[in-house]
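Next come the chains, spelled out residue by residue.
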There are 2 protein chains.
Amino acid sequence: MGSSMEELYRYFDQFYLLNQASRDALEKTCSEILILKNELLQPFGHTCKTIYYIKSGIARIFYYKDGRDITEYFAFENKIVARVESLFPGQPSKKAIQMLEDSHLIAIHVPGLYQLYDTFPQIERLFRLIFEAGYVETVNRMESLQFHTAEERYLDLLKKPNIIQRIPLKHIAYYLGITQVSLSRIRSALK
Amino acid sequence: MGSSMEELYRYFDQFYLLNQASRDALEKTCSEILILKNELLQPFGHTCKTIYYIKSGIARIFYYKDGRDITEYFAFENKIVARVESLFPGQPSKKAIQMLEDSHLIAIHVPGLYQLYDTFPQIERLFRLIFEAGYVETVNRMESLQFHTAEERYLDLLKKPNIIQRIPLKHIAYYLGITQVSLSRIRSALK
DNA sequence: GACTTCCTTTTACATTTGTTAAATAGTCAC
DNA sequence: GTGACTATTTAACAAATGTAAAAGGAAGTC
């Protein structure tokens, strides 16, 4: 596990520099996962107890509403993915996580992580800062859903590399809060 | 300040029970504020450095888009309000906080709070848990903006006490992501 | 009470988005 | 390559929402 953690530590360093004791303790809660395209990383109805770091691949969080497959979130390599609305309150999630490419992940076991919080305040701080950043991202996304047009949201998404090239448009449409037909109209109007 | 903190501690107790040393330290970062209806608690363009607990009254976070006054968030008595997208990254906010009633607040000075995090891990944990709950609330709100109809969102809002009675419909409309005219149509269709 | 101001609803029309179905394009397995 | 399957676009119509302007209501001041 040692060397494969290096990439994860570089990710953590962006938020907070852990001392060696904290790193060693944290490593014990981590394990590696290889998972194929289209497979579910986490099923529906499951209470989320894992935080995943994506070494390679793409994850999406999705759920069904009125029989329709709605994508709530995409996560790419070098990012964290977790269903916080299940993880934090300890409630079952009505959402699942699926991989959109063959992926290489590091799983962080959260009950083990929470035990470390008491002994290693640095670890608690690290994850506080990581989730604070996720909170800010969600507030900004909410603002764009609340008062930007679908076309504005699509143009914002185009600015981010990889998204359009690597994710089917049907998922992108629902992520933007519109149907696939409506996204197709927006795209053809832009040509 | 002593007795007026009791209510705040009862709020904190819902998230985490602080020991007495932490309480005493925390109290030094707090001050009381009385503010009148319609006044701005925090101006536009200001980097948020304060978390407010609302003893009485209503706050709204809002901003202007294309000259229109958009309400992003409401907070009632016995709740916390802060512009996290400014507080966490330390960036100026394009949003302001306004009180919708004469209000009684407790202001928590965040630079002072952050200093306490190193000495009192219990305080860091308390605020981690408070903001985790806020994160979950925001994820759920985002989901409702992404894929519920405006009518569904309005009916959800009706279930919460106080909102409709105490807040002008023009603010509620934009909070729901629609215009006041559209909200008025939805309301009359429900009669 | 009359006046002003602000809040809310209503009306008419334009625009956007949804729905359903069909057509086209692309991908994968064999 | 062929066939099966999936993804994307297009078309036609329905429903929802936006825009602008006017009309009612409600609340506060004098």
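Residues numbered from 1 in each chain as written. Chains lettered and ligands numbered in written order. Predicted model: local features only at pLDDT ≥ 70, side-chain atom pairs only at ≥ 80, totals over all residues. Heavy atoms only, no water.

The full set close to DNA strand D counts 17 residues, and A:L169, A:K170, A:S184, B:R68 and B:R185 are the nearest of them. The sugar-phosphate share of atoms of DNA strand D within 4 Å of the protein amounts to 57%. Separating a phosphate oxygen of DNA strand D from a side-chain N or O atom of A:K170 is a distance of 2.5 Å. The side chain of A:S184 places a nitrogen or oxygen atom 3.0 Å from a phosphate oxygen of DNA strand D. Counting residues per element, the ones that place at least two in the surface near DNA strand D are α8 (169-175) and α9 (180-190) of chain A together with α9 (180-190) of chain B. A breakdown of the residues in the surface near DNA strand D according to their chemical character gives 6 nonpolar, 6 polar and 5 charged. (Near = heavy atom within 4 Å. Polar contact = N/O pair within 3.5 Å; in protein donor to acceptor, adjacent residues only side chain to side chain. Helix = DSSP H or I, 4+ residues; strand = E, 2+ residues; numbered from the N terminus. Nonpolar A, V, L, I, M, F, W, Y, C, P; charged D, E, K, R; others polar.)

Now for the sheet that holds strand β6 (residues 79-81) of chain B. Residues and elements named next belong to chain B. One open sheet accounts for 4 strands, arranged β1-β8-β3-β6; its pairing is antiparallel. Taken across any chain shown, the strands that pair with only one partner, and hence form the sheet edges, are β1 (30-35) and β6. Strand-to-strand twist in this sheet, taken as the mean axis angle between neighbours without regard to direction, amounts to 30 degrees. Inspection of the sheet shows β1 paired to strand β8 (residues 103-109) by 6 bridges, in the antiparallel sense. Within β8, the position partnered with C30 by the bridge is I108. (Pairing = 2+ DSSP bridges. Axes fitted to C-alpha atoms, helices over the stretch in contact; angles between N-to-C directions.)

Before going further, it helps to examine the pairing of strand β4 (residues 59-65) of chain A. Residue and element names in this part refer to chain A. Across the 7 residues of β4, 6 count as buried, placing the element largely inside the fold. For β4 and strand β5 (residues 68-75), the ladder comprises 7 bridges, and the chain directions are antiparallel. Across the sheet, residue K65 finds its bridge partner in β5, namely R68. Linking two consecutive strands that pair antiparallel, namely β4 and β5, is a turn of 2 residues; a positive phi of about 50 degrees is found at D66 within it. Of the pairings in the sheet, the one linking β4 to strand β7 (residues 96-99) comprises 4 bridges and is antiparallel in character. When the sheet's bridge partners are listed, R60 is paired in β7 with Q98. (Buried < 20%, exposed > 50% of the residue type's maximum accessible area, 1.4 Å probe, protein only.)

Right, let's get into the relation of the copies chain B and chain A. Note on the copies: chain B fits chain A at an RMSD of 0.0 Å, the axial shift is 0.0 Å, and the rotation between them is 180 degrees. On the angle and the small slide along the axis, the relation comes out as a two-fold axis. The residues that chain B uses at the interface reappear at the interface of chain A in 100% of cases, marking a shared surface. (Least-squares fit on C-alpha atoms with pLDDT ≥ 70 in both. Contact = heavy atoms within 4.5 Å.)

Neighbouring DNA strand C are 17 residues; A:R68, A:R185, B:L169, B:K170 and B:S184 lie closest to it. For DNA strand C, the fraction of atoms within 4 Å of the protein that belong to sugar or phosphate moieties is 56%. Between a phosphate oxygen of DNA strand C and a side-chain N or O atom of A:R68, the distance comes to 3.0 Å. A distance of 3.1 Å separates a phosphate oxygen of DNA strand C from a polar atom in the side chain of B:R187.

What follows is about the interface of chain B and chain A. The partner chain A presents 36 residues to the 36 residues of chain B that form the contact. Taking both sides of the interface into account, the surface hidden between chain B and chain A amounts to around 3,700 Å²; carbon and sulfur atoms contribute 62%. Ranking the residues of chain B by area buried against chain A places B:Y135, B:Q146 and B:F147 at the top, with a combined share of 21%. The residue B:R125 makes a salt bridge to A:D118 at a minimum N-O spacing of 2.9 Å. (Buried area = accessible area lost by both parts, 1.4 Å probe. Salt bridge = Lys/Arg side-chain N within 4 Å of Asp/Glu carboxyl O.)

The next thing to look at is the side chain of B:R141. Summarising the element assignment, B:R141 is placed in helix α5 (residues 121-147). B:E72 provides the closest opposite charge to the buried, salt-bridge-free B:R141, at an N-O distance of 6.4 Å. A distance of 3.0 Å separates the side chain of B:R141 from the backbone oxygen of B:Y175, its partner in a polar contact. In contact with B:R141, other than residues within four places in its own chain, are A:M142, A:Q146, B:E72, B:Y73 and B:Y175. (Lys, Arg positive; Asp, Glu negative; His and termini not counted.)

This part takes up unusual backbone geometry. Trans peptide bonds make up most of the peptide bonds, and negative phi angles are found at most residues other than glycine. All names here are of chain A. Notably, N78 is not glycine yet its phi reads approximately 70 degrees, a positive angle. Position of N78 relative to the elements: it lies in the loop between β5 and β6 (79-81). Within the chain, N162 stands out as a residue other than glycine whose phi angle is a positive 85 degrees. With respect to the secondary-structure elements, N162 resides in the loop between α6 (150-159) and α7 (163-166). Of the residues examined, N162 reaches a relative accessible area of 32% and is grouped as partly exposed.

Moving on, we come to the pattern of salt bridges. By the definition in use, this model includes 30 salt bridges over all chains. The closest approach of N and O atoms between A:K95 and B:E143, which form a salt bridge, is 3.2 Å. With A:K95 in the loop between α3 (84-87) and β7 and B:E143 in helix α5, the pair connects residues from two separate chains. Across this residue pair, the class does not change: A:K95 and B:E143 are buried. A salt bridge links B:E124 to A:R125; the shortest N-O distance between them is 3.0 Å. Of this pair, B:E124 sits in helix α5 while A:R125 sits in helix α5 (residues 121-147), on two different chains. With respect to class, B:E124 is no different from A:R125; both count as buried. It is possible to trace a salt-bridge network through shared partners that takes in A:E72, A:E85, A:K94, A:K95 and B:E143.

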